[in-house]
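Spelled out, the chains give:
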Amino acid sequence: MPLYSQIIQYVLSGITIGSVYAIIALGFNIIYNSTSIINFAQGEFVMLGGLTMIFFTVMLKFPLVIGFPLTVLVLTLIGIIMERFTISPIKKPTVVTLIIVTIAVSILFKGVAMLVWGKDTHFLPPFSGEKGIAFMGASLNPQYIWVVGITVVVVVLLSIFFKYTIIGKAMTACAVNRTAASLMGINVKRMVLLSFALSAAIGGIAGIIIAPITLMAYDNGAMLGLKGFGAAVLGGLGNFYGAIFAGLLLGVMESLGAGLIHSGYKDAIALLVLLLVLFIKPSGIFGVTEVSGFKKF
Amino acid sequence: MDKKNSLTLLILTVCLVVFPFIVTNTYYISTMVFVGINGIIAIGLSLLMGCAGQISIGHAAFFGLGAYTSAVLTAKLGFHPWCAFFLGILLSSCIALIIGIPSLKLKGHYLAMATLGFGEITYIVFNELTDITGGPSGIGGIPKIYLAGYAMNTDIKYYFFVWAFLLLILTLSLNLIHSRIGRALRSIHDSEVAANAMGVNTSKLKIQVFMISAVFGSVAGSLYTHYVTFVSPSSFGLFFSILLVMMVVIGGMHSVWGALIGAALLTILPEFLRALKDFEIFVYGAVLLLIMIFLPRGLIGGLEYLFNRLIKKV
Amino acid sequence: MDNVILHASKIKKTFGGLVAVSDLDFTVREGRIKAIIGPNGAGKTTVFNLITGILQPTGGEIQFQGNSITRLKSYRISSLGISRTFQNVQLFSNMSVIENVMIGRHPRTSSGIMSSILSLPKKRKEEKEVRKRAMEYLEFVGLGDRFDESPENLPFGKQRLLEIARAMATEPRLLLLDEPASGLNTKETQNLARLITEIRGRGITILLVEHDMELVMGISDEIMVLNSGQKIAEGLPREIQENDEVIKAYLGEA
């Protein structure tokens, strides 16, 4: 393949994996905005999403159109359970306590997943076959189209939700100023619960769409979560469009780095760029320093 | 250091000396060696996190730098172990300085991400720099370290060796906390703006404490290398960095004693849980979760509470 | 008495498009009590943050005792002799009351990392001295008996006094007080007025941001009025009270 087509190939797969990072980053942001904590179990939602989908469609042989919404429903419940039983009972939450709690939850999820699905890597068949589509000299995996397409749908739905629905606006209000929001009669506790439910649901979607490309095992969550966190930080924590841009950027850089430089250093390259951006702009590409100062760590 | 700390230190020393005479099983002694090694890094991280309020999710890197410096220099290049030990400290503190200057300007989650990124990059370098580090298969055949002519070649000898280091580091850390510098570090934790306005050079102090914790990490790394006589990258990844943060928080962030208790719990607990086979990870996660929900100030916070209630009753 | 201790020329601060302070000139003379008043959002606290280096000015220069401090870091400015209190009290809540004041001794002491870690005799001697001096400042503001408590246990008025003690411990030549009377009752405010004059009596110059007009008019030698980041009047308390523009812009709104 000529270099030109190779680069196209890398960019295509970068955009695909980047879309997934973007969705995961959005999940981080939704919880961050309503609670100012980073949910380190976000990656586990992705892992559980993938494996639950495999359970429904591969083991129980449900069709995709049923397996997909069922999986999202299960993940929403998992998000609600997590908030009710681990975040809500903490009396005097500090950010560090909450970080450790979410890490503990992520270990717990991993443990459960290992009990249910074992240590094997599981396969989810691509949604519409594996036959590549020729695209500018490169071969386009049809699953890539599914990933990018579903990401676009998720992004559009989320922005409609946050801009035009009462609940979405209330969540945005909590993100801007919690005290003011509660004075305006918004039930902040319910918004926190909702943010976990929503975050788990979209984490699950990320897991469903990526599973046919990367396969899924009980211990895949941490790395995916890490990349999503990187994208959220790079875009400026809490910034909706920043997360999408940074997710895609990370994905493309990683893919180009792996293909053109050295596959072993692919994560290092992405991380190095992330560090450099933070050192130059300490609150991410789209972050505002004054705003990040308000959210006390 | 005040009387309470001196007394606790004395009691700890006595217990440590008596322990191997009561428990002779080498498996337990060996576990205690690892408690000591992890304790040394956790104490350093506690100075950074608990005292100065700056998080690092990349401290496994300094542990790894110490371990690899010792391993490469002694096993491959025939350096004297103590020479490698001090070169490891030098390397770790230099890297801490270079990473610390830009990173410690960041706050909160951004600092967490930067240190995490640094840790991961270091881990990848350990894996990929095959010519020097041996890549994923690591480096073996590392010689034992000698102290005053005695080889530290048995579990029991190493036990005393490591814990002597730990007690030294603990004493130095307690001294630091109860000093002008320690006070200034704690002021950064509460309000960096106010600390600066009171004449505390917060940027410099943050870097200094980051370097101290890196040095402790490197010391632990070298001690680890000469004990297990084999290193490979998997011991220095993200999982270990997170484990270190958990030791500090689960033990109780506000005190270096907490870091030591946390290191002990998180080193010993998996040994017990191993019997549970597939349930290990699940139970481990559940225990951590319960501690965090019911003892937000960590184990040491819980102990202090019990102790105070006991005193009130008496 | 007439030496200028602080001189600000054409200082300017913008946040994005918002102008907080624009081309402000003023001087503070040694040994005086000068008050800055103005409606909320006039830029008073921003001026304090610019002087103490917490914010960097977008333009202009600030001189302290004849030397420029415009680009200096906050901690350097503090050790040169400018200290402050905060509008929203910023005490170190994880430390005892006396330790809060001991922090104030930081720029006047010198034990470094090594002597701290090794607990050298020099450090121990210095610690004793620091504690003794801190106790003196606590007694000066009337908090000597509560030295071992957590600052969070103190009533709000006493927390303000603790902040003053902490600032005094740095041995400032110029002390900036940011709304020291806000949240205090009448008796506490009278006590505060006495304390501020006493501090001036020790030869320390005071720059004060305050809303309590009785306090301002009672103790200030000179008053500067800010509105929307600009100086609209400056003069003796009596002159300010009679200034039409001030009445319109400030008192009218209050």
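Given the structure is predicted, the values throughout are model-derived calculations rather than measurements.

Caption draft 1: Main features of the overall build of chain A. Per the secondary structure count, chain A includes 12 helices and 2 strands. Each helix (α) and strand (β) of chain A, taken in turn from the N terminus, gives the series α-α-α-α-β-β-α-α-α-α-α-α-α-α. The C-alpha extent of chain A, read off along each of the three principal axes, is 60 × 50 × 35 Å. By the burial criterion, 55% of the 297 residues in chain A qualify as buried. Within chain A, contacts between residues at least 6 apart in sequence are counted, and of these 74% link residues at least 24 apart. For chain A, the exposed area adds up to about 12,600 Å²; of that, 72% sits on carbon and sulfur atoms. Looking at chain A, you have 17 positive and 8 negative side-chain charges, and the mean spots of the two groups are 12 Å apart.

Caption draft 2: Quick look at the overall build of chain C. Within chain C, the secondary structure is distributed over 10 helices and 10 strands. For 254 residues, the compact-globule estimate of 2.2 N^0.38 gives 18 Å, and the C-alpha radius of gyration of chain C, at 19 Å, lies within 12% of that figure. C-alpha atoms of chain C, sized along the principal axes, occupy 60 × 40 × 35 Å. For chain C, the proportion of its 254 residues judged to be buried stands at 55%. Here the analysis covers contacts within chain C between residues at least 6 apart in sequence; of these, 67% occur between residues at least 24 apart.

Caption draft 3: Broad picture of the packing of helix α8 (residues 180–190) of chain B against helix α3 (residues 97–104) of chain C. The geometry of α8 of chain B relative to α3 of chain C is characterised by a closest axis approach of 10 Å and an angle of 105° between their N-to-C directions. With respect to each other, α8 of chain B and α3 of chain C are oriented roughly perpendicular. On the side of α8 of chain B, the interface is formed by Arg183, Ala184, Arg186 and Ser187 of chain B, while α3 of chain C contributes Glu99, Met102 and Ile103 of chain C. A class-by-class count of the residues in the contact of α8 of chain B with α3 of chain C yields 3 nonpolar, 1 polar and 3 charged.

Caption draft 4: Local environment of the packing of aromatic side chains. Residue and element names in this part refer to chain B. Following the criterion strictly, the structure yields 32 aromatic pairs over all chains and no others. Ring centres of Tyr159 and Phe160 lie 5.1 Å apart, and the angle between their planes is 80°; on these two criteria the pair is classed as edge-to-face. Using a relative accessible area of 0% as the deciding quantity, one classes Tyr159 as buried. The exposure class of Phe160 is partly exposed, given its relative accessible area of 36%.

Caption draft 5: Region of interest: the interface of chain A and chain B. Contact residues are listed per partner, giving 50 residues for chain A and 40 residues for chain B. Together chain A and chain B conceal approximately 3,800 Å² of surface at their shared face, both sides included; 84% is due to carbon and sulfur atoms. At the surface where chain A touches chain B, the tally comes to 0 salt bridges. On the surface where chain A and chain B come into contact, there are 1 residue pair in polar contact (both at pLDDT 80 or more). Of all the secondary structure elements, the ones that give two or more residues to the side of chain A that touches chain B are α3 (64–87), α4 (95–117), α9 (221–235) and α11 (266–280) of chain A.

Caption draft 6: Here's a closer look at helix α10 (residues 240–261) of chain A. An ideal rise of 1.5 Å per residue puts 32 Å on 22 residues; α10 of chain A measures up with 31 Å between its terminal C-alpha atoms. Sitting at the head of α10 of chain A, Asn239 of chain A places a side-chain oxygen 3.3 Å from the backbone nitrogen of Tyr241 of chain A.

Caption draft 7: Representation of the interface of chain C and chain B. Counting residues at the interface gives 35 residues for chain C and 25 residues for chain B. For the chain C and chain B pair, buried surface summed over both sides reaches about 2,700 Å², with 61% attributable to carbon and sulfur atoms. Its largest share of buried area at the contact with chain B, chain C owes to Tyr75, His106 and Ile117 of chain C, together 24% of the area lost on that side. Linking chain C with chain B are 2 salt bridges.

Caption draft 8: Main features of the sheet that holds strand β10 (residues 230–235) of chain C. Residues and elements named next belong to chain C. Ordered in space as β6-β7-β8-β3-β9-β10, the 6 strands form an open sheet in which the pairing is mixed. The sheet is open, and its two borders are formed by β6 (82–84) and β10, each paired with just one other strand. Going from strand to strand, the sheet's axes swing by 20° on average, the running direction of each strand aside. In this sheet, strand β9 (residues 222–227) lies alongside strand β3 (residues 33–37) in parallel orientation, the contact comprising 4 bridges. Bridge pairing links Ala35 to Ile223 in β9. Sitting on the sheet, helix α7 (residues 186–201) is in contact with β3, β7 (174–178) and β8 (205–209), with an inclination near 150° to β8.

Caption draft 9: Fine view of the packing of helix α7 (residues 155–177) of chain B against helix α10 (residues 202–228) of chain B. Residues and elements named next belong to chain B. Two elements in contact, α7 and α10, have axes separated by 11 Å at closest approach and are oriented at 175°. Accordingly, the angle class assigned to the pair α7 and α10 is roughly antiparallel. Where α7 approaches α10, its residues Asp155, Tyr158, Phe161, Val162, Phe165, Ile169, Ser173 and Leu176 are matched on the opposing element by Ile212, Phe216, Val219, Ser222, Leu223, His226 and Tyr227. A per-class count over the contact of α7 with α10 returns 11 nonpolar, 3 polar and 1 charged.

Caption draft 10: Structural context of the pairing of β8 of chain C. Residue and element names in this part refer to chain C. Most of β8 sits out of view: 5 of its 5 residues are buried. Every second residue of β8 is oriented toward a common face, with Thr205, Leu207 and Val209 on one face and Ile206 and Leu208 on the other, all of them buried. Across 4 bridges, the pairing between β3 and β8 is parallel. What sits directly across from Ile33, in β8, is Ile206. The parallel pair β7 and β8 is bridged by α7, and the resulting crossover is right-handed.

Caption draft 11: Representation of the environment of Pro155 of chain C in the model. As for its position among the elements, Pro155 of chain C is in the loop between α5 (121–140) and α6 (156–169). Accessibility expressed as a relative area gives 39% for Pro155 of chain C, which makes it partly exposed.

Caption draft 12: Spatial organisation of the confidence of the model for chain C. Averaged over every residue, the pLDDT of chain C is 90; residues scoring 70 or more account for 97%. This prediction of the complex comes with two scores: 0.89 for pTM and 0.89 for ipTM.

Caption draft 13: Structural context of the sheet that holds strand β5 (residues 67–68) of chain C. Residues and elements named next belong to chain C. With antiparallel pairing, 4 strands are arranged side by side in an open sheet as β2-β1-β4-β5. Two strands in the sheet have a free side with no partner beyond their single neighbour: β2 (18–29) and β5. Across 8 bridges, strand β1 (residues 4–15) lies against β2 in antiparallel orientation. Bridged to His7 within β2 is Thr27. Across the sheet, helix α1 (residues 44–51) lies against β1, β2 and β4 (59–64), angled at about 65° from β2, the strand it touches most.

Caption draft 14: The arrangement of the confidence of the model for chain A in detail. All names here are of chain A. The pLDDT averaged across chain A works out to 88; a share of 96% of its residues lies at or above 70. For chain A, the element scoring lowest by mean pLDDT is helix α12 (residues 289–294), at 43; helix α2 (residues 42–59) scores highest, at 96. A low-confidence stretch, residues 290–297 stays under pLDDT 50, and its non-local contacts, those more than four residues away or across chains, total 15 contacts.

Caption draft 15: Here's a closer look at the state of the cysteines. Inspection of the entire model under this criterion finds 0 disulfides over all chains. A disulfide-free cysteine, Cys83 of chain B has its sulfur positioned 15 Å from the sulfur of Cys94 of chain B, the nearest such atom.

How each quantity is defined
Residues numbered from 1 in each chain as written. Chains lettered and ligands numbered in written order. Predicted model: local features only at pLDDT ≥ 70, side-chain atom pairs only at ≥ 80, totals over all residues. Heavy atoms only, no water. Helix = DSSP H or I, 4+ residues; strand = E, 2+ residues; numbered from the N terminus. Buried < 20%, exposed > 50% of the residue type's maximum accessible area, 1.4 Å probe, protein only. Contact = heavy atoms within 4.5 Å. Areas by Shrake-Rupley, 256 points an atom, 1.4 Å probe, with all protein chains shown as cover. Lys, Arg positive; Asp, Glu negative; His and termini not counted. Charge placed at Lys NZ, Arg CZ, Asp CG, Glu CD. Rg over C-alpha atoms; globule rule 2.2 N^0.38 Å. Axes fitted to C-alpha atoms, helices over the stretch in contact; angles between N-to-C directions. Parallel < 35°, antiparallel > 145°, perpendicular 65-115°, else oblique. Nonpolar A, V, L, I, M, F, W, Y, C, P; charged D, E, K, R; others polar. Phe/Tyr/Trp six-rings, centres within 6.5 Å; stacked < 30°, edge-to-face > 60°. Buried area = accessible area lost by both parts, 1.4 Å probe. Salt bridge = Lys/Arg side-chain N within 4 Å of Asp/Glu carboxyl O. Polar contact = N/O pair within 3.5 Å; in protein donor to acceptor, adjacent residues only side chain to side chain. Expected span 1.5 Å × (residues − 1). Pairing = 2+ DSSP bridges. Right-handed = clockwise from strand over helix to strand, strands pointing away. pLDDT = per-residue confidence, 0-100. Disulfide = S-S within 2.5 Å.

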